[in-house]
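What follows is the residue order along each chain.
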Amino acid sequence: MYVLCAPCILSPALRAKGITHPSDIALFAKSIGRCKKFGIEVVPLPCPETRYLGADREPGTFLERLNTPEFATLLDELVGKVNDIVKERGPPLCILGVNSSPTCGVTSTYYGTENGRPPKREGRGVFYAKFPEIPALDVTEFSQYRVYLAAPLFSEAERSYNARVAAVLKEHCFEVFLPQESGDNHAIRGRDEHRRIFAKNKRAIHDADIVIAIIDGADADSGTAWEMGYAAALKKNVIALRTDFRMAGSHERVNLMLEEGATVVSDTGGMLAALGMPVVSRPEKEPAVE
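Criteria and thresholds
- Residue positions are given per chain, counted from 1 along the sequence in the order it is written.
- For this predicted model, a pLDDT threshold of at least 70 governs which residues receive local features, and a threshold of 80 or more governs which side-chain atom pairs are given and counted, while totals over whole chains, interfaces and linings are taken from all residues.
- Note that the side-chain values use all heavy atoms of the structure and ignore hydrogens as well as water.
- Each reported salt bridge corresponds to a side-chain nitrogen of Lys or Arg within 4 Å of a carboxyl oxygen of Asp or Glu.
- For the purposes of this entry, the term helix denotes a DSSP run of H or I that reaches at least four residues, the term strand denotes a run of E that reaches at least two, and both are numbered from the N terminus.
- Exposure categories follow from relative accessible area, calculated using a 1.4 Å probe and restricted to protein chains: below 20% of the type maximum is buried, above 50% is exposed, and the middle band is partly exposed.
- Each Phe, Tyr or Trp ring, with Trp reduced to its six-membered ring, pairs with another whose centre is within 6.5 Å; inter-plane angles below 30 degrees give stacked pairs, above 60 give edge-to-face pairs, and intermediate values give tilted ones.
- Distance and angle both matter: a charge sits over a ring if NZ of Lys or CZ of Arg is within 6 Å of the ring centre and within 35 degrees of the ring normal.
- Inter-axis angles, ranging from 0 to 180 degrees, are taken between N-to-C directions of lines fitted to C-alpha atoms, where helices are fitted over the stretch in contact.
- Each angle is binned into one of four classes, with values under 35 degrees roughly parallel, values over 145 roughly antiparallel, values of 65 to 115 roughly perpendicular, and all other values oblique.
- Crossing handedness: left-handed means the near helix sits turned counterclockwise from the far one by under a right angle, and right-handed means the same turn made clockwise.
- Contacts are assigned to residue pairs with any non-hydrogen atoms lying within 4.5 Å of each other.
- When residues are grouped by polarity, Ala, Val, Leu, Ile, Met, Phe, Trp, Tyr, Cys and Pro land in nonpolar, Asp, Glu, Lys and Arg in charged, and all others, Gly among them, in polar.
- To form a nonpolar core, buried Ala, Val, Leu, Ile, Met, Phe, Trp, Tyr and Cys residues must be joined to one another through side-chain atoms within 4.5 Å.
- Two kinds of site are reported from a 1 Å grid over the protein atoms alone, namely cavities, where a 1.4 Å probe fits but cannot get out, and pockets, open sets with protein on both sides within 12 Å along at least five of seven lines, and residues are called lining when an atom falls within 4 Å of a point.
- Grid points are joined across faces, edges and corners, and a volume is the space filled by probe spheres set on the points.
- Call a crossover right-handed when, viewed with both strands pointing away from you, the route from the first strand across the helix to the second goes clockwise.
- Should DSSP find at least two bridges between two strands, the strands are taken to pair.
- Note that the arc is computed from the directions linking the helix axis to the C-beta atoms.
- Nitrogen and oxygen atoms within 3.5 Å of one another constitute a polar contact, given that in protein one can donate a hydrogen and the other can accept it, and given that sequence-neighbouring residues count only through two side-chain atoms.

Colleague: Break down the pattern of salt bridges for me, with residues and values.
Modeller: Here the structure, examined in full by the defined rule, presents 14 salt bridges. With its nearest N and O atoms 2.9 Å apart, the salt bridge here joins Lys 17 to Glu 58. Remark: Glu 58 occurs in the loop between helix H3 (48–53) and helix H4 (62–65) and Lys 17 occurs in the loop between helix H1 (7–10) and helix H2 (22–37); sequence separation between them is 41 residues. For Glu 58, a relative accessible area of 45% gives the class partly exposed. One connected set of salt bridges, linked through shared partners, spans Lys 17, Asp 56 and Glu 58.

What follows is the structure, encoded as structure tokens:
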């Protein structure tokens, strides 16, 4: 399993002068850390802008700096090299890019002012637009992979389902904090143990990038509801997984406040779609020899 990666994520000095901030460096490092953690090989792409304009260049849009026949010829050459990589290795998990880049933007790009349109527009940069069949993720999105899984854990059925959801997340390269695996799994607890569990779970929500909450049942579990509210107050991305088909009202699948504070999905496929992560394809196991 591998990703194709904008080279500036690995070598920020390749970016145009003055545009890289400490927050960018942190995102780059966290994305590469995710790849290392899950054994994802990082294959750097060539940098069209550096090849054409040099490393010591001023920022600029595609129309200002790159809209030339020479650059179009260079792009075609580099596209051929990337296609050779894909042909040899098979399809990558995704392409990692950096939004706003004229060449390697994923959902936004500084294309330039044209026909009254603003210089920044939606869509891929001109290099990444050459690979529409390959999923592309901005480095900001890819760096968000630490999940706090909030859920009731008071029965064997609940704990088993929680573990299944956690396994799906891990299979797709998410790091999961599951409270039932961290001591919050038994009924007889003293006051000190209550405080320890509360502090540990609260810290884990702080450290998480995303909170996924399982909210099946006639009403959402009270502890899970608290965790969702706390995460929302911290401006975390909250995804609520509700496989229960019952409705809480004419327009509500669950409590209004929980529904409005989260993205509600009905299965793990919807959960992965909400997370924006491409489906990980694992090689099939060899059949056992009898």
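Once the structure has been displayed, the description carries forward.
Colleague: Now, about the packing of aromatic side chains: what can you tell me, with residues and values included?
Modeller: Taken as a whole and assessed by the stated rule, the structure comprises 8 aromatic pairs. Each ring, one from Phe 127 and one from Phe 131, has its centre 5.6 Å from the other, and the planes form 75°; the classification is edge-to-face. Phe 127 gets classed as buried once you look at its relative accessible area, which sits at 0%. A relative accessible area of 1% places Phe 131 in the buried class. Feature note: the residues Phe 127, Tyr 128 and Phe 131 constitute an aromatic cluster, connected by ring pairs. When the ring centre of Phe 142 is taken as origin, the NZ or CZ atom of Arg 34, which lies over that ring, is 4.6 Å away. Taking the ring centre of Tyr 2 as reference, the NZ or CZ of Arg 89 above it sits at 5.3 Å.

Colleague: Please provide a residue-by-residue account of the packing of helix H7 (residues 156–171) against helix H11 (residues 268–275), values included.
Modeller: Helix packing geometry: the angle between the two helix axes and the distance between the axes. Contact pair H7 / H11: the axes reach a minimum separation of 11 Å and the direction vectors enclose 40°. The angle between H7 and H11 falls in the class oblique. Of the two elements, H7 crosses H11, and the hand of that crossing is right-handed. Across the interface between the two elements, Val 165, Val 168 and Leu 169 of H7 pack against Thr 268, Met 271, Leu 272 and Leu 275 of H11. In terms of residue class, the contact of H7 with H11 is made up of 6 nonpolar, 1 polar and no charged.

Colleague: Tell me about the nonpolar core, residues and numbers included.
Modeller: Residues Ile 9, Phe 127, Leu 169, Ile 212 and Leu 275 are the most contacted members of the largest nonpolar core, which totals 60 residues. Among the elements that take part in this core, helix H5 (residues 69–89) stands out by supplying 6 residues, more than any other. Here Ile 212 is in contact with Val 147, Tyr 148, Leu 149, Ala 150, Leu 169, Ile 239, Met 271 and Leu 275, once residues within four sequence places are set aside. Core analysis: the next-biggest nonpolar cluster, separate from the first, contains 17 residues, Tyr 148, Val 211, Ala 213 and Ala 240 among them.

Colleague: Which residues make up empty space enclosed by the protein, and what values go with them?
Modeller: A complete count under the given rule lists 1 cavity of 30 Å³ or more for this structure. Its volume calculated, the largest cavity comes out at about 40 Å³.

Colleague: Hey, could you go over the pairing of strand S7 (residues 146–150) for me, with residue numbers and the actual values?
Modeller: Taken across its 5 residues, S7 has 4 buried, putting it largely inside the fold. Each parallel crossover has a hand, and the one from S7 via H7 to strand S8 (residues 175–177) is right-handed. Across 4 bridges, S7 lies against strand S9 (residues 210–214) in parallel orientation. By the bridge assignment for S9, Ala 150 is matched with Ala 213.

Colleague: Before we move on, could you go through H11 and cite the residues and values that matter?
Modeller: Along H11, the residues classified as buried are Met 271, Leu 272 and Leu 275. End-on view of H11: buried residues confined to an arc of 95°, all on one side of the axis. Among the structural elements, helix H6 (139–142), H7, S9, strand S10 (237–241) and strand S11 (263–265) are those in contact with the buried residues of H11. For H11, the capping residue at the N-terminal end is Asp 267, with a side-chain oxygen 3.2 Å from the backbone nitrogen of Gly 269. A positive phi of about 80° marks Gly 276, the residue just after H11.

Colleague: For the sheet that holds strand S6 (residues 136–138), give the residues involved together with the corresponding values.
Modeller: Across the sheet, which stays open at both edges, the 4 strands sit in the order S2-S1-S3-S6 with parallel pairing between neighbours. At either end of the open sheet lies a strand with only one pairing partner, and these are strand S2 (41–44) and S6. In this sheet, adjacent strand axes meet at a mean angle of 30° when their direction is disregarded. Where strand S3 (residues 95–97) meets S6, 3 bridges bridge the pair, whose relative direction is parallel. Within S6, the position partnered with Leu 96 by the bridge is Leu 137.

Coordinates in, geometry out; function isn't part of it.
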